[in-house]
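Listed here are the chains, written in short residue letters.
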Amino acid sequence: MLPDPIYVTGTDTDVGKTVVSALLAQVLDRAYWKPVQAGRPTDRDTVAALTGVPTHPEALVLERPASPHAALQTEGRTLDLEALTLPAGPLIVEGAGGWMVPYSMTDDHVVWQADVVRHLRLPVIVVARSGLGTLNHTLSTLRAIRADGIVPVGLILVGPAHPENERDLPRLGGVPVLARLDRATLPDDAPKLAASLRQQLDQASPGPVRSPGREAEGLWHPFTQLKGFVPRGNVVRAEGAWLTLGNGRRVLDGISSWWVTLHGHSHPAVMAAIAEQAHTFDQVILADFAHGPAVELSAQLAQVLPGDVDHVFYSDDGSTSVEVALKMALQGHRQLGANRTRFVAFDGAYHGDTAGAMSVGERGPFTDAFEPMMFDVTHLPYDDADALDAWLDAHGHEVAGVILEPMVQGAAGMRFCSAEFLVRVRAACDRVGAWMITDEVFTGFGRTGRMWASDHANLVPDIMCLSKGLTGGSIAMGATACRTHIFEAFLDDDHARAFLHGHSYTGSPIACAASLASLALFETEGTLARVAAIEAAYTQASAPLRDLEGVENLRIRGDILAYEVKGGPGGYFDPVGRRICDRAFAEDLYVRPLGNTLYMVPPLCTTPAEIAWAVDILIRATRAELGRGA
Ligand code: PLP
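First, a word on scope: everything that follows refers to the structure included in this document. (Residues numbered from 1 in each chain as written. Predicted model: local features only at pLDDT ≥ 70, side-chain atom pairs only at ≥ 80, totals over all residues. Heavy atoms only, no water.)

**What about the nonpolar core?**
One broad trend across soluble globular proteins is that nonpolar side chains are buried collectively.
Part 1 of the reasoning: Within the largest apolar cluster, 96 residues are counted, with the highest numbers of intra-cluster contacts made by Leu 301, Met 414, Phe 421, Phe 445 and Tyr 563.
Part 2 of the reasoning: With 8 residues, helix H20 (residues 608-627) is the largest single contributor of residues to this core.
Part 3 of the reasoning: Formed by 35 residues, the second largest nonpolar core is a distinct cluster that contains Trp 33, Leu 120, Leu 142 and Leu 169. (Core = buried A, V, L, I, M, F, W, Y, C linked by side-chain atoms within 4.5 Å. Buried < 20%, exposed > 50% of the residue type's maximum accessible area, 1.4 Å probe, protein only. Helix = DSSP H or I, 4+ residues; strand = E, 2+ residues; numbered from the N terminus.)

This is the structure in structure tokens:
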């Protein structure tokens, strides 16, 4: 059974969309509605006369038989999308022309069919010709619909039987052919066509219904306003730097799926390690037992972490690695006899979404609702060592830890700081006896060009938070590593002085196995050299951005390229970045903005040629958006 209501679009004008809509209404016992009609007689009149199905009046009737946007322009009118509402009751909605026909166009705004479909939250079926030429038209239409983030439900073909096309279209287009109708004219053939359509629909199995916005009712996407939300597509594979969507389309994952993917998606060595461990044993409690993968990983991390940062506590993700660091610092100082209960953090910081991690993060729209569950933290300007010195000189004796994202604040909009700042933070912490906590959840494992961002300053932090790239980005795990003097503060005959913290999945053997495989790849694949190659490719490919009016603060560090686009309100809610990313996505580059900050952080297997290709897309998308008066 077809979903109700449903939107009928075509691969072109004249493919038989109105006939099919009328017959669908008749066979499925629904009313017919065409929101925008251009030209007379209206399709509504034709449908009513031919099939007698009930019809609803159009939202707009335009005199000129043209594309709706052109007919509207002739009459000096526009389409008010917000005012468009679905008539009640079972319904077939007929669309305009082919998919890429705009409904309305002004100097600074286009309302596409996709906007109408999204607004009305309708699933879509496509009417196409059955014979020669249909592959190109139908597959292009399906691709365009999916590029708009909408998953089509099926095809209805019109015209003589063409078994090859009927066989190949579902495979190539990823949607079922629900029915085929011989080209015919109504009303003479109406009874015959209706009977044929009814019979075919009874046997058809439409694709899973993905009404734009409806999936949101079940699946709650992170950091997403779900009202009217349509996902960019369904991922069915992920390999190397590329994601494959349900329709076979491949897009480059320009942000490493939120900065996690390190050597590439589904790296065979990492996947094999996961599979092997999964065949050996799964989760076991790490309170009373040890196991090989955790023992080995701790030893290997101790090898690659700086100085005596040798003691590793496992948790679930970046946020929990930060919670552990904060609790470790509070309890550690207390057990060393110091009354240090305050944390210093930096403006713009992001350390995760759990209560402690939020407390040390930047306060604002993301945290306002949660103030009651957060504790008081001193936030000082990032990259301003003088301010830190001055504050610590007065209050340093109260401070348990100074927490920061070394070299780059990711979520703040890829804000860079100097290595000198890190050196001064280290010195200030030493001076006042506070512990330096580096949150390397984003920057760790080579992202900034060195194994650890703190390596840029050649220093040894007291506590380090790791996650994201730890498992190569394959599976969740957090780790908090500390220096020996902190670890020893927890050694005691008294059980109450142990670090009384843990998670059900602490030390997941499968995640440890993945991490070991990922660490090994640094050697075998020359991962840090790959980052250097990406950095060089960025420098070359991004040259045109340097002189682009409206672009500022282009910066590159390791795998990170970022810049701001001026002209809008700025900040996280500036829509300009989103619009640029939409344009880039249409060209198969997936990036996600941080407001008006555009950035790339692709998997480290991305080749220099792919970087050049992706940066070029980003430049053209930015230029196009700026040209439109961003
Ligand atoms: N710390 C930093 C620096 C981060 O960038 C993030 C996430 O982006 C986190 C902590 C939180 O990590 P997770 O999302 O795994 O909880």
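Now that the structure has been shown, we can carry on.
**With respect to the site of the ligand**
Part 1 of the reasoning: By nearness alone, every residue bordering the ligand is listed as Trp 259, Asp 317, Gly 318, Ser 319, Tyr 350, His 351, Gly 352, Glu 405, Asp 439, Val 441, Phe 442 and Lys 468.
Part 2 of the reasoning: Within the contact set of the ligand, an oxygen atom lies 2.5 Å away from a side-chain nitrogen or oxygen of Ser 319.
Part 3 of the reasoning: For the ligand, an oxygen atom lies 2.9 Å from a polar atom in the side chain of Lys 468.
Part 4 of the reasoning: Protein contact buries 84% of the 390 Å² of open area that the ligand shows by itself.
Part 5 of the reasoning: Here the residues of the shell around the ligand are counted per class, giving 4 nonpolar, 4 polar and 4 charged. (Near = heavy atom within 4 Å. Polar contact = N/O pair within 3.5 Å; in protein donor to acceptor, adjacent residues only side chain to side chain. Areas by Shrake-Rupley, 256 points an atom, 1.4 Å probe, with all protein chains shown as cover. Nonpolar A, V, L, I, M, F, W, Y, C, P; charged D, E, K, R; others polar.)

**Overview of the packing of helix H9 (residues 268-280) against helix H16 (residues 509-524)**
Part 1 of the reasoning: It is the contact of H9 with H16, at a shortest axis distance of 8 Å, that shows an interaxial angle of 150°. One element, H9, and the other, H16, form an angle in the roughly antiparallel class. Read as a crossing pair, H9 and H16 show a hand that is right-handed. Side by side, H9 and H16 meet where Ala 269, Val 270, Ala 273, Ile 274, Gln 277 and Ala 278 of the first sit next to Pro 509, Ile 510, Ala 513, Ala 514, Ala 517, Ser 518 and Leu 521 of the second.
Part 2 of the reasoning: Counted by class, the contact of H9 with H16 contains 11 nonpolar, 2 polar and no charged residues. (Axes fitted to C-alpha atoms, helices over the stretch in contact; angles between N-to-C directions. Parallel < 35°, antiparallel > 145°, perpendicular 65-115°, else oblique. Left-handed = near helix turned anticlockwise from the far one by under 90°. Contact = heavy atoms within 4.5 Å.)

**Structural notes on the environment of Asp 582**
Part 1 of the reasoning: For Asp 582, the location among the structural elements is in helix H19 (residues 576-586).
Part 2 of the reasoning: For the pair Asp 582 and Gly 356, spaced 226 residues apart in sequence, the C-alpha separation works out to 34 Å.

**A few points about the environment of Arg 77**
Part 1 of the reasoning: Structurally, the position occupied by Arg 77 is in the loop between helix H3 (68-74) and strand S5 (91-98).
Part 2 of the reasoning: Note: C-alpha distance between Arg 77 and Tyr 572 (495 residues apart in sequence) is 33 Å.
Part 3 of the reasoning: Those residues in contact with Arg 77 that sit more than four places away from it in its chain are Leu 60, Val 61, Leu 62 and Leu 72.
Part 4 of the reasoning: Within polar-contact distance, the side chain of Arg 77 engages the side chain of Glu 75 at 3.2 Å.

**Things to note about the sheet that holds strand S24 (residues 560-565)**
Part 1 of the reasoning: Across the sheet, 3 strands lie side by side as S23-S24-S26; this open sheet has antiparallel pairing. Looking at strand neighbours, the two that pair on one side only are strand S23 (551-557) and strand S26 (597-600), the edges of this open sheet. Strand-to-strand, the axes of this sheet are offset by a mean angle of 15°, without reference to chain direction.
Part 2 of the reasoning: Where S23 lies against S24, 5 bridges are found, and the strand directions are antiparallel. Within S24, the residue paired with Glu 552 across the bridge is Glu 564. (Pairing = 2+ DSSP bridges.)

**Side note on the environment of Arg 249**
Part 1 of the reasoning: Along the chain, Arg 249 turns up in the loop between strand S12 (242-245) and strand S13 (250-253).
Part 2 of the reasoning: Sequence separation between Arg 249 and Asp 588 is 339 residues, and the spatial gap between their C-alpha atoms is 8.0 Å.
Part 3 of the reasoning: Not counting chain neighbours up to four residues away, the residues in contact with Arg 249 comprise Ala 147, Leu 243, Thr 244, Phe 585, Ala 586, Glu 587 and Asp 588.

**Description of the packing of aromatic side chains**
Part 1 of the reasoning: Scanning all chains against the criterion turns up 16 aromatic pairs.
Part 2 of the reasoning: When the ring of Phe 313 is compared with that of Phe 499, the centres are 5.1 Å apart and the planes differ by 75°; the resulting orientation is edge-to-face. Of the two residues, Phe 313 is situated in strand S14 (residues 309-315) and Phe 499 in the loop between helix H15 (484-488) and H16; the sequence distance between them amounts to 186 residues.
Part 3 of the reasoning: Under the relative-accessibility criterion, Phe 313 is labelled buried at 18%.
Part 4 of the reasoning: Here Phe 499 falls in the buried class, since its relative accessible area comes to 15%. (Phe/Tyr/Trp six-rings, centres within 6.5 Å; stacked < 30°, edge-to-face > 60°.)

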